[in-house]
Amino acid sequence: MKLKVLGILIFLFLTGTAALAETASEIVRKADLQMRGESSYTETTMQIIRPDWTRTMSMKAWSKGTDYSLILVTAPPRDKGSSSLKRGKEMWNWVPSIERVIKIAPSMLGQSWMGSDFTNDDLINQSSIVVDYTHRLLREEKFDNTDCWVIEATPKENAPVVWGKLLLWISQDQYHQRKIAYYDEFDTLINTLNTLDVKEIGGRMLPTRMEMQPADTPEQKTVLTYQMAAFDFDLSTSFFSQDNMKRLRE
Amino acid sequence: MTPTFMVRLAWRNIWRQKRRTLLTASALAIAMLLALFTRSMQEGSYAHNLDNVTRFYSGYLQLQHPDYSENQSIDKLLPADDHFIERIKQIPGVTEIVPRIESFALGASGDKSKGVLVMGVDPEKEDHYSGLAKKVKSGRYFSRDDERSVLLGSGLAAYFGLRAGEEIALYGQGYHGTTAAGLFTIAGVVKFPHKQIDARIVYLPLKSAQELYVTGDQVTAWVLHGRDVRAIPQLEKDARRVMGAGVKVRNWADISPELAQQISLDRASGQFMILVLYGVVGFGLFATIVMMTMERQREFAVMLAAGMPRVKLQFISLLETLFLALTGVVMGLLITTPILFWFHAHPIPLTGDIAYTMQEMGFEPIIPFSLAPELFVGQIGIILGLLALCSLYPLVRIGRLKIMQAMKG
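Colleague: Which parts of the structure should I look at to understand the overall build of chain B?
Modeller: The helix and strand tally for chain B stands at 16 helices and 14 strands. Taken over the C-alpha trace, chain B has a radius of gyration of 31 Å; the compact-globule value for 409 residues is 22 Å, which it surpasses by more than 25%. Principal-axis analysis of the C-alpha atoms gives chain B an extent of 100 × 50 × 30 Å. Split into buried and exposed, the 409 residues of chain B put 37% on the buried side. The long-range share in chain B, meaning contacts at least 24 apart out of those at least 6 apart in sequence, stands at 79%.

Laid out in structure tokens, this is it:
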């Protein structure tokens, strides 16, 4: 009996340390991969909620690896066909109403994407969390009844990022990014992202609702809901071109 | 001894040493001349420059949506309809009412892009108010209030390598989360001496700006001007009363705090110099009063011994000090007033580099003089303050005078 208890304890201890042995960077990389796969396609709606108005947009998004992503706006009609492209470190917006491609300078990464509470950096440059930051495991904590690692991410020197620091809550069972707290260089909380409604989508269990909440205006937020997703299909890098960005309409 | 007699006595006393009195009074008068000259020039320039410089940006006052100043959101607007304008016209003392849409956008041309400050202006009213058309260095000014063209700051035009006739895209966030995107022809290039403004500003006709930002018949600010700078506090009070709680009234100092700071710093340095000057002159006045007291120890003792109450003697010495200072003030006013009036009517014209810079900034290159009564009152106040300090000495001295000792000398 005693031996058995001891055995269980040793087992728990071993698995526990095994989990701990996983580095913070490894966890962040896995979480990013979980959300986007080697390649991904998603259909989402974005709801911008303000005290005196709300606005809903629909989007399609493609990504490949950490270097390529493309977001296409499909509704409302006024913005239909607008798209954002990322290739490596460069980013562009296509504005169909004036038929112009506008380059997004690194200085504009922190600005709002299409009037939402998400920044250009948050949406187009998601994978930056893996490559542009160093990670440190702080503690373990429950979020939404799920055990999470809390990881602090600080930007590497000269990395083209807008935040001074991020805190990530990554679930231990599924490697989901469940919460992200965004801090500026003065360590002031600016935004909080909560991810909710974990369910199967595109063959994976994923949070399907993301809420971006600015810290200083509690009465406003932006909600991103996943309608459809597909992962790990063949997608050529040539898909992520300026020509294609202009061509995509639907 | 009647009071009239004491006054006559005091007056005659100060003229017992005619030359000394005249010299002391002249010192006061000249200090006053220098001080008033400096202050009048300072305040005159502030008022003059402020009137000019506020026309380009803040105005004397701006009416804004109560939440606009928080983060200059394009969602926080004021109406621009006739009914609202009628309400603004109710504010007494408003001489000009100018609508503006001020927001940000990304300017883009070729593969270059840069954050720009967009200013939507009513072409006719704005030119009348700030003389914007005169700032156009190449190309032309707006000819209609809905044309799809822009005026670019020369620094910004240089950054993009653009000239009049070419196109620039503006891209940003419009009213209630809409996308603001537009392609505009560059009508002209404007030049501002302020480098930061020059490198960021894009002017649009008001209607085009409203269309770009999908604001409908609304503006981010109503810019108000009044008769002169000194009327601002009253104008501000009246504007608050007339417009009520739904409209925020902000004055130029609130909108351009760096300008307000610059002025108060400059003003403080001028005032400091004047205080130093008065310090020196004050000691001169004090020296004269000390002499007037010391040399008459025997005389005072005799008067006290003959039965004159100390209070009366103190009163006479107080009157003497007062007459001395007043002589200075009157002399000062007699020389200063005509000089200031002359310069007020004939401001000093500037030449050379300074004049050129000022003309660039849209100022008339002159040093104007202010005749604000509070300046005069202030100087007279300072001199009377000096007098009060100096007169303490004879009062105390007479109060403590030992008759026997003083008689013996």
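From this point on, the discussion continues.
Colleague: Please clarify how the nonpolar core should be interpreted in this entry.
Modeller: Within soluble globular proteins, side chains that are nonpolar tend to cluster in buried spots. All names here are of chain B. Core analysis: the largest hydrophobic core is formed by 105 residues, its most contacted members being V150, L170, Y171, V202 and Y203. The element contributing the most residues to this core is strand 8 (residues 179-190), with 7 residues. If sequence neighbours within four positions are ignored, V150 has contacts with I168, F184, I186, A187, V202, Y203 and L204. If you look at the next biggest cluster of nonpolar residues, it comprises 31 residues, including A25, L285, I289 and L313.

Colleague: What exactly am I supposed to notice about the confidence of the model for chain B here?
Modeller: Keep in mind that low pLDDT regions are not for reading the predicted coordinates in detail. Of the residues in chain B, 99% reach a pLDDT of 70 or more, and the chain-wide mean stands at 90. Confidence estimates for the predicted assembly give a pTM of 0.76 and an ipTM of 0.73.

Colleague: What exactly am I supposed to notice about the domain arrangement of chain B here?
Modeller: Size of an interface: often given as the accessible area lost when the parts come together. Residue and element names in this part refer to chain B. Domain boundaries in chain B define domain 1 (3-53 + 260-408) and domain 2 (58-255). Listed by partner, the interface residues are 9 residues for domain 1 and 6 residues for domain 2. Going through the elements one at a time, helix 2 (18-56) and helix 14 (352-360) are the ones with two or more residues in the side of domain 1 that touches domain 2. It is helix 2 that contributes the most residues to the side of domain 1 that touches domain 2, 3 residues altogether. When the residues that make up the side of domain 1 that touches domain 2 are grouped by side-chain class, the tally is 5 nonpolar, 2 polar and 2 charged.

Colleague: Can you help me understand the interface of chain A and chain B in this one?
Modeller: With 17 residues of chain A at the interface, the matching set in chain B holds 14 residues. Elements that contribute at least two residues to the side of chain A that touches chain B include exactly strand 2 (53-64) and strand 6 (100-103) of chain A. Among the elements that take part in the side of chain A that touches chain B, strand 6 of chain A stands out by supplying 3 residues, more than any other. A breakdown of the residues in the side of chain A that touches chain B according to their chemical character gives 8 nonpolar, 4 polar and 5 charged.

Colleague: Is there a simple way to explain unusual backbone geometry in this structure?
Modeller: Cis rather than trans, the peptide bond between A:A75 and A:P76 has omega equal to 0 degrees. With respect to the element layout, A:P76 can be found in the loop between strand 3 (68-75) and strand 4 (83-87). Look at B:Q72: it is not a glycine, yet its phi comes out positive at around 50 degrees. Looking at where B:Q72 falls in the secondary structure, it is placed in the loop between helix 3 (68-71) and strand 2 (78-79). Note on B:Q72: 14 C-beta atoms within 10 Å, which makes it partly exposed. A positive phi is found at B:H176, a non-glycine position, where the angle reads about 50 degrees.

Colleague: How should the environment of B:L162 be read in this particular structure?
Modeller: Residues and elements named next belong to chain B. Along the chain, L162 turns up in the loop between helix 6 (154-160) and strand 7 (167-173). Judged by the 19 C-beta atoms lying within 10 Å of it, L162 is partly exposed. In this structure the C-alpha to C-alpha distance between L162 and F184, which are 22 residues apart in sequence, comes to 12 Å. Each residue touching L162, except ones within four places of it in the same chain, is listed here: S109, L152, A157, I168 and I186.

Colleague: Can you help me understand the pairing of strand 9 (residues 201-205) of chain B in this one?
Modeller: In summary, the side chains of a regular strand alternate between the two faces of the sheet. All names here are of chain B. Taken across its 5 residues, strand 9 has 5 buried, putting it largely inside the fold. Here strand 4 (residues 112-121) runs beside strand 9; their pairing, made up of 5 bridges, is parallel. Counterpart to G120 in the pairing with strand 9 is L204. Across 2 bridges, the pairing between strand 6 (residues 149-153) and strand 9 is antiparallel. Considered in strand 9, the bridge of L152 is made with V202.

About the cut-offs
Residues numbered from 1 in each chain as written. Chains lettered and ligands numbered in written order. Predicted model: local features only at pLDDT ≥ 70, side-chain atom pairs only at ≥ 80, totals over all residues. Helix = DSSP H or I, 4+ residues; strand = E, 2+ residues; numbered from the N terminus. Rg over C-alpha atoms; globule rule 2.2 N^0.38 Å. Buried ≥ 20, exposed ≤ 12 C-beta atoms within 10 Å, placed from the backbone. Contact = placed C-beta atoms within 7 Å. Core = buried A, V, L, I, M, F, W, Y, C linked by C-beta atoms within 7 Å. pLDDT = per-residue confidence, 0-100. Domains from an automatic or database assignment. Nonpolar A, V, L, I, M, F, W, Y, C, P; charged D, E, K, R; others polar. Pairing = 2+ DSSP bridges.

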